[in-house]
Amino acid sequence: MMIDFLPKEIREGLERARQQDLVKKSRLRIMAGDEIYPVIRLSEDGFSLPEEAPHLRGLVDLYEGSKHVAQCLIVASSEEEGEMRYEYKRRTEAADRPALDFEQDEHAPIALLS
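Here the structure is a predicted model, which means the values were calculated and not measured.

A.B. asks: Can you help me understand the packing of aromatic side chains in this one?
C.D. replies: Between two aromatic rings, the relevant description is the distance of the centres plus the angle of the planes. Within the structure shown, the criterion is met by two aromatic pairs. Judged by centre distance (5.4 Å) and plane angle (25°), the rings of phenylalanine 47 and tyrosine 86 are stacked. Taken together, the positions of phenylalanine 47 in strand β4 (residues 46–50) and tyrosine 86 in strand β7 (residues 83–93) put the pair 39 residues apart, joining distant regions of the chain. The pair formed by phenylalanine 47 and tyrosine 86 is uniform in burial state, with each residue classed as buried. Geometrically, the ring pair formed by phenylalanine 47 and tyrosine 88 is tilted, given 6.0 Å between the ring centres and 50° between the ring planes. Taken as a pair, phenylalanine 47 in strand β4 and tyrosine 88 in strand β7 lie far apart in primary sequence, 41 residues in all. When its relative accessible area of 15% is taken as the criterion, tyrosine 88 is described as buried. Within the aromatic cluster, the residues linked to one another by ring pairs are Phe47, Tyr86 and Tyr88. Sitting over the face of the ring of tyrosine 63, arginine 29 holds its NZ or CZ atom 4.7 Å from the ring centroid.

A.B. asks: So what exactly am I meant to see when it comes to the sheet that holds strand β5 (residues 57–64) here?
C.D. replies: Strand pairing within a sheet occurs via backbone hydrogen bonds; the two strands may be parallel or antiparallel. Here we have seven strands laid out as an open sheet, ordered β2-β1-β5-β6-β7-β4-β3, and antiparallel in their pairing. Edge positions in the sheet fall to β2 (35–38) and β3 (41–42), since each has one partner strand and no second. Examined bridge by bridge, β5 and strand β6 (residues 67–80) share eight bridges and lie antiparallel to one another. The residue bridging valine 60 from the neighbouring strand is cysteine 72, located in β6.

A.B. asks: Mind showing me how you'd approach the pattern of salt bridges here?
C.D. replies: For the coordinates displayed, the defined rule picks out three salt bridges. Across the salt bridge formed by arginine 91 and glutamate 93, the nearest N and O atoms sit 2.8 Å from each other. Judged by its relative accessible area of 49%, glutamate 93 is partly exposed.

A.B. asks: Got a minute to help me understand the pairing of β4 in this structure?
C.D. replies: The side chains of a regular strand alternate between both faces of the sheet. Where burial is concerned, most of β4 is hidden: five out of the five residues are buried. Bridging between β4 and β7 involves five bridges; their strand directions are antiparallel. From the neighbouring strand, glycine 46 faces β7, where its bridge partner is glutamate 87.

The rules behind these values
- Residues numbered from 1 in each chain as written.
- Predicted model: local features only at pLDDT ≥ 70, side-chain atom pairs only at ≥ 80, totals over all residues.
- Heavy atoms only, no water.
- Phe/Tyr/Trp six-rings, centres within 6.5 Å; stacked < 30°, edge-to-face > 60°.
- Helix = DSSP H or I, 4+ residues; strand = E, 2+ residues; numbered from the N terminus.
- Buried < 20%, exposed > 50% of the residue type's maximum accessible area, 1.4 Å probe, protein only.
- Lys NZ or Arg CZ within 6 Å of the ring centre and 35° of its normal.
- Pairing = 2+ DSSP bridges.
- Salt bridge = Lys/Arg side-chain N within 4 Å of Asp/Glu carboxyl O.

Following this line, the structure appears as structure tokens:
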């Protein structure tokens, strides 16, 4: 690969630029307490944050822009290629209304007209 012949400082600079570009493009973010961290990658079993993020553990909220997407219980799993990888222990999708505590009839009228 051509990048292998570049000096170490230039390779590190290119890697930092790549990380910054990924962070700028992503609308996804994690909110842990009062702190907000941009999500670089999202998968079915977890997500990645820039390596500057602390080793998070516990309950966090996942947002896409200003929309609350999910509440996740996470654990830090690995650090690779300048990214800190976290895995879900539990992921609960956020709902825009409270859960029903009864079964709704699928043929029930939506509204009553007078």
